[in-house]
Amino acid sequence: MIIHVVASDGVRAMMESALTARDRVGVQDFVLLENYTSEAAFIENLRKRFKENLIYTYIGSVLVSVNPYKDLEIYTKNHMERYRGVNFYEVSPHIYAVADNSYRSLRTERKDQCILISGESGAGKTEASKKILQYYAVTCPASDQVQTVKDRLLQSNPVLEAFGNAKTLRNDNSSRFGKYMDIQFDFKGAPVGGHIINYLLEKSRVVHQNHGERNFHIFYQLIEGGEEDLLRRLGLERNPQQYQYLVKVRIWLFTRDTKLAKLFWEPLGNCPKVSSINDRSDWKVVRKALTVIGFNEDDVEELLNIIASVLHLGNVQYGGEEGNACITSDTQIKYLARLMSPLNLEQASSARDALSKAVYGRTFTWLVNKINASLAYTDDSFKNYSVIGLLDIYGFEVFQNNSFEQFCINYCNEKLQQLFIELTLKSEQEEYEAEGITWEPVQYFNNKIICDLVEEKFKGIISILDEECLRPGDASDLTFLEKLEDTVGGHAHFVTHKLADAKTRKVMGRDEFRLLHYAGEVNYNVNGFLDKNNDLLFRNLKEVMCMSENKILTQCFDREELSDKKRPETAATQFKASLAKLMEILMSKEPSYVRCIKPNDSKQAVRFDEVLIRHQVKYLGLMENLRVRRAGFAYRRRYEVFLQRYKSLCPDTWPNWQGKLADGVATLVKHLGYKPEEYKLGRSKIFIRFPKTLFATEDALETRKHSLATKLQAGWKGYSQKSKYQKLRTSAITIQAWWRGILARRRAQQRRQAAATIRRFIKGFIYRHKERCPENEYFLDYVRYSFLMKLRKNLPKNVLDKSWPTPPAALTEASEHLRKLCMQNMVWSYCKKISPEWKLQMEQKMTASEIFKDKKDNYPQSVPKLFVSTRLNGEDINPKVLQALGSEKMKYAVPVTKYDRKGYKPRSRQLLLTSNSAVIVEEGKLKQRIDYGALKGISVSSLSDGLFVLHVPSDDNKQKGDVVLQSDHVIETLTKIAICSDKVNSININQGSIKFTVGQGKEGIIDFTPGSELLVAKAKNGHLSVVSLQSSSVILLCKCL
């Protein structure tokens, strides 16, 4: 078998390789300790491993667990899978390894298993059992029905902890009862049921706790976490201080005249709040767990009624009246007054406490039975199921004051130690016989003598205790001690103060006796032994409980008890009988062991209290366990495993042994120089007697690993590079062939497509003049496509560009539509981009074009010149003129030359255009105003001169006749006048001469003739003669300018 260590990085290394680090982390199996008889070496190995957070160590197949008092990341699902189905010694020590080994033995050998977990309070027994249950819940096969059982198995823990666990000085979640749980598996290996047996519940805690301790968790969880409506129904307050069973109190008993009678109760726990316990949160967990287990609302209500009743019962107080007790608290149950009379004060209080303990104890038993009913395997078709038992029971206890409870607990541990030694020696002997190795008897302390001292019939301590409880007369704890001295006083393992020597008497009280247990000496104080052993309840109290309407209480207090005249068995006898049954159960199963150790009393994560641990090592019997395990051979492994690991140390076995395994191992150990007394060869295993032999072999292997690693690295690198090259070469060839194929297929495909295209094109050309048909459709589509692509590249650049590609005959109409659309689009785009000022300019130019294009010679020269808004600035116009115009807005102003009607003398004037009229101005005077409505027309010549005539009505007395004006910007001026007066169609362009009205019915004539230079003068015939430049001269002049 090979043991592995699971490192923090998750890599699994063999245990033997970890032996090289044994100086730092210790050995993982105490069997491998060289000085195995030294308790100091044992504890030092524990210290090394605890320092490295290695809390688990083996003693052979026994697991030693040290409580780390902190969370370790070693309980995840990944860890569970790592231990699942792996040989016990192939992984590092762990609670999962024990759980998995038991499960695999159950499946393969079809034999029931049990796991015994022991240790003192706070050592981690309850947590260990939880981890085992969680492991089975995760790793075992599951179905809907199986999942329900798994859930109930897991949820039974918080319920039993709430009702059976309490805070003690040593542990905030101490189990105050022993528990044996059977987990039932079907033939598939799935958990299908379970059964729980409880032992020796500490009922006295209900009515009394030591200072700094608490009552059972359920009382505080109910008060802190219960809903307001629930507490109201139960008559409880959300304050533990209100209940005498939960706080530190002193109850004074008063007589009728209120004189002080007696202090009756000692101080109680007075520890309702604990920093490490969240009662409110735990209450929610318990309520959910009860539902999962199968409790209905009525069951829960009845159960909580009982818990509340115990609290109320603790608040019942008594006073004295003529020597008898009477209830003094008005708020409590009144019929107790009749039940408790005629008792004295002490008897009444004891009866009340006895009732509280009986009610709680029997309710706890009912709760366990209820859980068992929910876990019961109900499949009638298959009754033959297998079982794994979990025993979570108190370890050996030695306190400063040991009483009846410690006596029973230590008696239980004596029986378990006896069982352990017997089964361990038995399994060792069976393995030796199976391998053909001579069995050598092992000397060990047989604690049967102590078990007989306690349980022997008629002579044992329990029999004497029962006899003292049953005999008539004045029996007391001291008479019981005297009876022990008379009966077993000569026993080697029994001592009292009376029988002890002078040295021993100094450390023993007169009311104590000492037993020499396998784990050490323990002094027991006999005070309270008889009362705790009797555990009696008055008959009338039983009658009342039988009459209760609470369904749970009617099941707990059976009426048959009232008719049974036989005295009930004592607590010790019941415990002895249940322990005997437990031993029968364990003897029928294959056991595994977990020994739990508490590193310190202060619950600190890194503190290692050597004195406390030495105490536990002693009382757990670990050194005895180790001595029995090391009585023969310290190390044993199967041939194939041993040879596989160490074959490299011998040339004959490296790299592979071809013969029988036994011969290969013999050759190997001979080469290693093993002496005959150091080892034995069995049928399938090698047995090594001394750890130093194994360590020397392991050290040799560690040295050998370096040369092996070098060779392996060289070989692997060569193989890896060669493999890499071959892979790259093969890949390159494959890719090249694949790519060449792709290129060849592409070229062939392109040639086929090209040939088909050419054929279709030629055929289409032949049929191009026919109607569209399959033969020519490709060609026509290509022609259209080519035209459209050509058109796309040669579209007109602007609205003045009239170029357009010549379309094929089939696209003539479509081409014309496209041209129009293109032009519209360009015009729309152009119009969208022009500004309001440019738009006005274009409108004026359009008006000028409409009037003068092809009609007046100097029009072409005006086209490229922009029209301006005015030819006169503000300072060019006399302010008096502007004042005279008033509110009229001036739209245009230009300097002009006015020719008189008589003599045609030229005079410099200004022509102003307003919204309503044209005004002729001479310096600061308004010489003439012509309303646009009165303007009959405008005449101008077709030549390039700048003269024009404004025609006004002859009958208008305000006007003196038509006005003859000359402007250097005649096209601009006339366009402005036409737009302002809305007289675009009233401009006349005359050739030769213009007639105008001089005044009083007279007419004048202007004659226009072309010439080489511009000349305006009065002719001999009385006409105004205007010689205008010819068109060619105008053009030439423009070019010169």
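In the annotation of an unreviewed UniProt entry, the protein chain is listed under the name Myosin Ic, paralog b and assigned to Sparus aurata. The UniProt entry for the protein chain carries the following comment under Sequence similarities (unreviewed entry): "Belongs to the TRAFAC class myosin-kinesin ATPase superfamily. Myosin family."

Enquirer: Just checking my understanding: could you explain unusual backbone geometry for this structure?
Expert: Note: most residues except glycine have negative phi, and most peptide bonds are trans. In the segment running from Trp-654 into Pro-655, the intervening peptide bond is cis, with an omega of 5°. Its place among the elements puts Pro-655 in the loop between helix H26 (639-646) and helix H27 (661-672). We note that Asn-53 has phi near 60°; this positive angle belongs to a residue other than glycine. Along the chain, Asn-53 falls in the loop between helix H3 (39-51) and strand S3 (56-59). Using a relative accessible area of 36% as the deciding quantity, one classes Asn-53 as partly exposed. Positive phi outside glycine occurs at Tyr-69, with the angle close to 55°.

Enquirer: Would you explain the domain arrangement of the protein chain in this entry?
Expert: Size of an interface, as often reported, equals the accessible area lost when the parts are brought together. Each assigned domain of the protein chain is listed with its residue range as follows: domain 1 (643-752), domain 2 (781-832) and domain 3 (836-1029). A C-alpha centroid distance of 118 Å is found between domain 1 and domain 3.

Enquirer: Is there a simple way to think about the sheet that holds strand S9 (residues 191-199) in this case?
Expert: Two orientations exist for strands paired in a sheet by backbone hydrogen bonds: parallel and antiparallel. Taken in spatial order, the 7 strands make up an open sheet running S3-S4-S18-S5-S14-S8-S9, and their pairing is mixed. A single partner strand is all that each edge strand has here, and the edge strands are S3 and S9. The mean angle between the axes of side-by-side strands here comes to 20°, regardless of whether they run parallel or antiparallel. Here strand S4 (residues 62-66) runs beside strand S18 (residues 590-597); their pairing, made up of 4 bridges, is parallel. From the neighbouring strand, Ser-65 faces S18, where its bridge partner is Cys-596. Here helix H23 (residues 571-587) sits on the sheet and contacts strand S5 (113-119), strand S8 (178-185), S9 and strand S14 (386-394); the angle it forms with S9, its principal contact strand, is near 145°.

Enquirer: Help me out: how do you make sense of the sheet that holds strand S30 (residues 993-999) in this one?
Expert: Pairing within the open sheet is mixed, and its 4 strands lie in the order S30-S31-S33-S32. In this open sheet, the two strands that pair with only one neighbour each are S30 and strand S32 (1015-1018). The mean inter-strand angle of the sheet, taken between neighbouring strand axes irrespective of direction, is 20°. Strand direction decides the pairing type here: strand S31 (residues 1002-1011) and strand S33 (residues 1024-1029), joined by 6 bridges, are parallel.

Enquirer: Sorry if this is basic, but what is going on with the state of the cysteines here?
Expert: Should the sulfur atoms of two cysteines be covalently bonded, the bond is a disulfide. Scanning the model with the defined rule gives 0 disulfides in all. Just so you know, Cys-596 is unpaired, no disulfide at all, and the nearest cysteine sulfur is the one on Cys-412, 15 Å from it. The exposure class of Cys-596 is buried, given its relative accessible area of 1%.

Enquirer: Where do I start with the side chain of Glu-468 in this structure?
Expert: Along the chain, the position of Glu-468 falls in helix H16 (residues 461-470). The residues contacting Glu-468, other than those within four sequence positions of it, are Ala-475, Ser-476, Thr-479, Phe-480, Lys-483 and Leu-530.

Enquirer: I tried to follow helix H25 (residues 622-629) on my own but got confused; where do I start?
Expert: Three or four residues apart is the spacing at which side chains of an α-helix point the same way, because the helix has 3.6 residues per turn. Most of H25 sits out of view: 7 of its 8 residues are buried. What H25 keeps buried is the set Leu-622, Met-623, Glu-624, Asn-625, Leu-626, Val-628 and Arg-629.

Enquirer: Hey, could you run me through the packing of aromatic side chains in this one?
Expert: In this structure the tally under the stated criterion is 30 aromatic pairs. Centroid distance Tyr-75 to Tyr-96: 6.0 Å. Interplanar angle 85°. Geometry classified as edge-to-face. With a gap of 21 residues between them, Tyr-75 in the loop between S4 and helix H4 (77-83) and Tyr-96 in helix H5 (residues 95-109) connect regions that are remote in the sequence. In this structure Tyr-75 comes out as partly exposed when scored by relative accessible area, which is 22%. Looking at Tyr-96, the relative accessible area reads 0%, which means it is buried. Their ring planes at 25° and their centres at 5.9 Å tell us that Phe-480 and Phe-529 sit as a pair that is stacked. With Phe-480 in helix H17 (residues 477-488) and Phe-529 in helix H19 (residues 529-534), this pair connects stretches of sequence that are 49 residues apart. When its relative accessible area of 0% is taken as the criterion, Phe-529 is described as buried. A connected cluster of aromatic rings, assembled from ring pairs, spans Tyr-75, Tyr-83, Tyr-96, Tyr-103, Tyr-135, Tyr-136 and Phe-185. Across from the ring centre of Tyr-220, 3.9 Å away, lies the NZ or CZ of Arg-214, which sits over that ring.

Enquirer: I'm lost on the pattern of salt bridges in this one. Help?
Expert: Opposite charge on two side chains makes pairing possible when the charged atoms of those side chains draw close. Evaluated as defined, the whole model comprises 41 salt bridges. Among the ionic pairs, Arg-784 bridges to Asp-781, the shortest N-O distance being 3.8 Å. With Arg-784 and Asp-781 both in helix H29 (residues 777-793) and 3 residues apart, the pair spans about one turn of that helix. With a relative accessible area of 30%, Arg-784 lands in the partly exposed category. Measuring nitrogen to oxygen at the nearest pair gives 2.8 Å for the salt bridge that ties Glu-972 to Arg-871. Highlighted residues: Glu-972 in helix H34 (residues 970-981) and Arg-871 in the loop between helix H32 (859-862) and helix H33 (879-885), separated in sequence by 101 residues. Residue classification places Glu-972 among the buried residues on the basis of a relative accessible area of 3%. The partly exposed category is assigned to Arg-871, whose relative accessible area is 30%.

Enquirer: Is there a simple way to explain the packing of helix H14 (residues 404-435) against helix H15 (residues 448-455) in this structure?
Expert: How two helices pack is summed up by the angle between their axes together with the distance between the axes. The contact between H14 and H15 brings their axes to 9 Å, and the two run at 140°. The angle between the axes of H14 and H15 places the two elements in the oblique class. H15 is crossed by H14, and the crossing has left-handed handedness. In this structure, H14 uses Phe-407, Tyr-411, Glu-414, Lys-415 and Gln-418 to contact H15, whose residues at the interface are Lys-448, Ile-450, Cys-451, Val-454 and Glu-455. Of the residues that constitute the contact of H14 with H15, the class distribution is 5 nonpolar, 1 polar and 4 charged.

Enquirer: What am I meant to see in the pairing of S33 here?
Expert: The side chains of a regular strand alternate, residue by residue, between the two faces of the sheet. For S33, the tally of buried residues reaches 5 of 6 residues, placing the bulk of the element in the interior. Where S32 and S33 come together, 4 bridges link them in antiparallel fashion. Considered in S33, the bridge of Val-1016 is made with Val-1026. The hairpin turn running from S32 into S33, its antiparallel successor, is 5 residues long, and Gly-1022 in that turn takes a positive phi close to 90°.

Enquirer: Could you clarify how one ought to interpret the environment of Arg-704 in this entry?
Expert: Inspection of the secondary structure assignment puts Arg-704 in helix H28 (residues 691-766). Accessibility expressed as a relative area gives 23% for Arg-704, which makes it partly exposed.

Enquirer: How do you make sense of the packing of H16 against H17 when you look at a structure like this?
Expert: Closest axis-to-axis distance for the H16/H17 pair is 10 Å, and the angle between their directions is 135°. By the criterion of interaxial angle, the relationship of H16 to H17 is oblique. The handedness of the crossing between H16 and H17 comes out as right-handed. On H17, the residues touching Ile-461, Ile-464, Leu-465, Glu-467 and Glu-468 of H16 are Thr-479, Phe-480, Lys-483, Leu-484, Thr-487 and Val-488.

Analysis parameters
- Residues numbered from 1 in each chain as written.
- Predicted model: local features only at pLDDT ≥ 70, side-chain atom pairs only at ≥ 80, totals over all residues.
- Heavy atoms only, no water.
- UniProt positions renumbered as here; feature names shortened; annotations may be inferred.
- Helix = DSSP H or I, 4+ residues; strand = E, 2+ residues; numbered from the N terminus.
- Buried < 20%, exposed > 50% of the residue type's maximum accessible area, 1.4 Å probe, protein only.
- Domains from an automatic or database assignment.
- Pairing = 2+ DSSP bridges.
- Axes fitted to C-alpha atoms, helices over the stretch in contact; angles between N-to-C directions.
- Contact = heavy atoms within 4.5 Å.
- Disulfide = S-S within 2.5 Å.
- Phe/Tyr/Trp six-rings, centres within 6.5 Å; stacked < 30°, edge-to-face > 60°.
- Lys NZ or Arg CZ within 6 Å of the ring centre and 35° of its normal.
- Salt bridge = Lys/Arg side-chain N within 4 Å of Asp/Glu carboxyl O.
- Parallel < 35°, antiparallel > 145°, perpendicular 65-115°, else oblique.
- Left-handed = near helix turned anticlockwise from the far one by under 90°.
- Nonpolar A, V, L, I, M, F, W, Y, C, P; charged D, E, K, R; others polar.

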